[in-house]
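Inside the fold
The lines below spell out each chain.
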Amino acid sequence: MEHNEQGQRDGVAKEFQESLDQLQNLLEENQTEEKPEKELTIKNNSQKPATKKPPKFDLADWEDAIADIEQYFDKKNEQTDGT
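Below you will find a few notes about this structure. (Residues numbered from 1 in each chain as written. Predicted model: local features only at pLDDT ≥ 70, side-chain atom pairs only at ≥ 80, totals over all residues. Heavy atoms only, no water.)

1. Quick word on the overall build of the protein
Per the secondary structure count, the protein includes two helices and zero strands. Evaluated residue by residue, the protein yields a buried proportion of 8% over its 83 residues. Surface accessibility of the protein: about 7200 Å² in total, with carbon and sulfur atoms responsible for 51%. (Helix = DSSP H or I, 4+ residues; strand = E, 2+ residues; numbered from the N terminus. Buried < 20%, exposed > 50% of the residue type's maximum accessible area, 1.4 Å probe, protein only. Areas by Shrake-Rupley, 256 points an atom, 1.4 Å probe, with all protein chains shown as cover.)

2. A few points about a negative patch on the surface
A surface patch of negative charge is lined by Glu 70, Asp 74, Glu 78 and Asp 81. Its place among the elements puts Glu 78 in helix H2 (residues 59-82). Its relative accessible area of 57% is what places Glu 78 among the exposed residues. (Patch = residues over 30% accessible without salt bridge, like charges linked within 9 Å, V, L, I, M, F, W, Y side chains within 5 Å. Salt bridge = Lys/Arg side-chain N within 4 Å of Asp/Glu carboxyl O. Lys, Arg positive; Asp, Glu negative; His and termini not counted. Charge placed at Lys NZ, Arg CZ, Asp CG, Glu CD.)

3. Some remarks on the environment of Ala 67
In this structure, Ala 67 sits in helix H2. The class for Ala 67 is partly exposed, based on a relative accessible area of 39%. Here the alpha-carbon distance between Ala 67 and Ser 19, two residues 48 residues apart in the chain, equals 9.2 Å.

4. Observations concerning the pattern of salt bridges
Within this structure, the stated rule accounts for one salt bridge. The partner of Arg 9 in a salt bridge is Glu 5, and the shortest N-O contact between them spans 4.0 Å. Pair noted here: Arg 9 and Glu 5 are both in helix H1 (residues 2-43), with a separation of four residues, about one helical turn.

5. Considerations on the side chain of Ser 19
Mapped onto the fold, Ser 19 is located in helix H1. Setting aside its immediate chain neighbours within four residues, Ser 19 contacts Ala 65 and Asp 68. (Contact = heavy atoms within 4.5 Å.)

If you want it as structure tokens, here you go:
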């Protein structure tokens, strides 16, 4: 039975890590997309005011990441309450 619990923990930990990796990738993509815009703003500051674009986040990715994190904590709480 302990082997099954350990397998579940490993699976949840893997899902959580994947969610964190997805989140990190999204944040890194957003940072690299904003850098050229900032440089252009500095260069063209005297010509016209810069228009700020909203960040390109996919809401579904955020919802998936949050759901995975919540699931991770729910399972972790179940395991600590059950032992």
